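Here is what each chain is made of, one letter per residue.
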Amino acid sequence: MPVPPEPVLRAAVRWLERLPASGSTRVRALFTTHSDFSDITPTQYDAAYAWIQETGLLGEASSGVPLNCRVFDAAMAHSGAPWLRDADLLIRNPDELPEDALRAAETLGLAPEEAYAQVSTVWGKVDTEERSRIGSAGELALFELLSESAEGRVEHVAAWSDGYGYDIFVDAHQHSAHLEVKTTVRVGRLTVYISRNEYETMLRDPAWELVTVRLTPELKVRTVAAVPKNWIAGHVPSDRSARGRWESCRLDIPPEVPVPGIPSVGPMLAETAPEVLRGVSVS
């Protein structure tokens, strides 16, 4: 849903201010009969009440977070704004905030610097949730494909432990592959997060391979590719001293880097394996 108009945002704050002490019937009566609240119409109050229900704010009426921040966060998170999922790249300072975010911030009494901080927080939550959802779908989709296509044992080890440093184990014909799976639904951007455990597993395990799975919006496998180890090793951070150690990092992978298919699994694929596992895109 788009960012609500200014009167609805203000009405949302008024609802959340008064609901902990009074029921919705009494608060609605107050808004519709008292002159102090007549600057907002009954229809706008009703729209605001419906909105705080839809966004989950109604269930957090007693939260200790300032009301204006809670309403702003909800307005951004539920806006469906196309800029939000790439806010880490598009918005690097308060001057780059989009117009809808600035309007909402002004309505709710937030300075641009505060709004920028809130947008960063919202993006982090949305990005984490989306990565978890898409990542699980990609792992499962690749596991199912390999189970049907590889001649040997295929195990989804991440389903019971995240300590291996990889997600899927494949073993057949005296070959083994330990696949760390990273998934995206985006076409123009490939960003992955790698943990220290995954990276150190890569360094010591010759069977380890980073596999990227690109899904369709319906979460069907579109492409599968592998990222060379030497590229990963050349782009992770370096520990500058024994007192400082990175535990996870983000890698923005250029489109020309991934190698189509899964080279380490190639010798284990049945003749009937789908082309996507051999490096051919699914339209």
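Residues numbered from 1 in each chain as written. Predicted model: local features only at pLDDT ≥ 70, side-chain atom pairs only at ≥ 80, totals over all residues. Heavy atoms only, no water.

### Here's the deal with the overall build of the protein chain
Summing up its helical and strand segments, the protein chain has 9 helices and 8 strands in all. Taking 19 Å as the expected radius of gyration for a compact globule of 283 residues, we find that the protein chain reaches 24 Å, considerably beyond that expectation. With the C-alpha coordinates of the protein chain rotated into their principal frame, the extents come out at 80 × 45 × 30 Å. Evaluated residue by residue, the protein chain yields a buried proportion of 46% over its 283 residues. (Helix = DSSP H or I, 4+ residues; strand = E, 2+ residues; numbered from the N terminus. Rg over C-alpha atoms; globule rule 2.2 N^0.38 Å. Buried < 20%, exposed > 50% of the residue type's maximum accessible area, 1.4 Å probe, protein only.)

### Things to note about helix 3 (residues 42-54)
In this model helix 3 runs 18 Å from its N-terminal to its C-terminal C-alpha over 13 residues, within 8% of the 18 Å that 1.5 Å per residue would give. Among the structural elements, helix 1 (6-18), helix 2 (24-33) and helix 4 (67-77) are those in contact with the buried residues of helix 3. (Expected span 1.5 Å × (residues − 1). Contact = heavy atoms within 4.5 Å.)

### Re the nonpolar core
Trp-15, Trp-51, Ile-52, Val-71, Phe-72, Met-76 and Trp-83 are the most contacted members of the largest nonpolar core, which totals 41 residues. For this core, the secondary-structure elements that each account for two or more residues are helix 1, helix 2, helix 3, helix 4, helix 6 (99-107) and helix 7 (112-149). Among residues more than four places away in sequence, those in contact with Val-71 are Leu-9, Ala-12, Val-13, Leu-16, Trp-51, Leu-57 and Leu-108. One finds Ala-177, Val-221, Val-224 and Leu-277 within the second-largest nonpolar core, a separate group that totals 26 residues. (Core = buried A, V, L, I, M, F, W, Y, C linked by side-chain atoms within 4.5 Å.)

### Considerations on the sheet that holds strand 5 (residues 208-215)
Read across the sheet, 6 strands follow the order 1-2-3-5-6-8 without closing on themselves; strand pairing throughout is mixed. The open sheet terminates on both sides in strands that have one partner only, identified here as strand 1 (153-155) and strand 8 (259-260). Here 6 bridges tie strand 5 to strand 6 (residues 221-227), and the two strands are oriented antiparallel to one another. Residue Leu-215 lies in a different strand from strand 6, and its bridge partner there is Val-221. Sitting on the sheet, helix 7 is in contact with strand 1, strand 2 (168-172), strand 3 (175-184), strand 5 and strand 6, with an inclination near 145° to strand 3. (Pairing = 2+ DSSP bridges. Axes fitted to C-alpha atoms, helices over the stretch in contact; angles between N-to-C directions.)

### Describing helix 1
The α-helix advances 3.6 residues per turn, and as a result positions three or four apart in sequence lie on the same side. Between its terminal C-alpha atoms helix 1 stretches 19 Å, which fits the 18 Å expected from 13 residues at 1.5 Å a residue. Every buried residue of helix 1 is accounted for by Pro-7, Val-8, Leu-9, Ala-11, Ala-12, Val-13, Arg-14, Trp-15 and Leu-16. On its buried face, helix 1 sits against helix 2, helix 3, helix 4 and helix 6.

### Here's the deal with unusual backbone geometry
For Leu-219, which is not glycine, the phi torsion reads 70° and is therefore positive. Here Leu-219 shows up in the loop between strand 5 and strand 6.

### Some remarks on the pattern of salt bridges
Taken as a whole and judged by the stated rule, the model has 19 salt bridges. A salt bridge links Glu-6 to Arg-10, with the nearest nitrogen and oxygen atoms 2.4 Å apart. In this pair, Glu-6 and Arg-10 both sit in helix 1, 4 residues apart, roughly one turn of the helix. For Glu-6, a relative accessible area of 35% puts it in the partly exposed group. Look at Arg-10 and you get partly exposed, because its relative accessible area is 23%. Salt bridges sharing partners connect three or more residues here, namely Asp-86, Asp-88, Arg-186, Arg-189, Arg-250 and Asp-252. (Salt bridge = Lys/Arg side-chain N within 4 Å of Asp/Glu carboxyl O.)

### Side note on the side chain of Thr-216
Looking at the element boundaries, Thr-216 is found in the loop between strand 5 and strand 6. Among all residues touching Thr-216, those that are not within four sequence positions of it are Val-185 and Arg-222.

### Notes on the layout of surface pockets
Put simply, the largest pocket is a space of about 850 Å³. Along the wall of the largest pocket there are 35 residues; nearest its centre are Arg-131, Ser-132, Gly-135, Thr-183 and Tyr-193. Of all the elements in the fold, those that place two or more residues in the lining of the largest pocket are helix 7, strand 3, strand 4 (191-195) and helix 8 (196-204). Among the elements that line the lining of the largest pocket, the one with the most residues is helix 7, at 11 residues. In the lining of the largest pocket, the residues fall into 11 nonpolar, 10 polar and 14 charged. (1 Å grid on protein atoms, 1.4 Å probe; cavity = no way out; pocket = protein on both sides within 12 Å on 5 of 7 lines; lining within 4 Å. Points joined across faces, edges and corners; volume = space filled by probe spheres on them. Nonpolar A, V, L, I, M, F, W, Y, C, P; charged D, E, K, R; others polar.)

### Quick word on the pairing of strand 6
The element strand 6 is extensively covered by neighbouring structure, given that 5 of its 7 residues are classed as buried. Looking at chain direction, strand 6 and strand 8 are connected through 2 bridges and run antiparallel. Bridging across to strand 8, Ala-226 finds its partner in Val-259.

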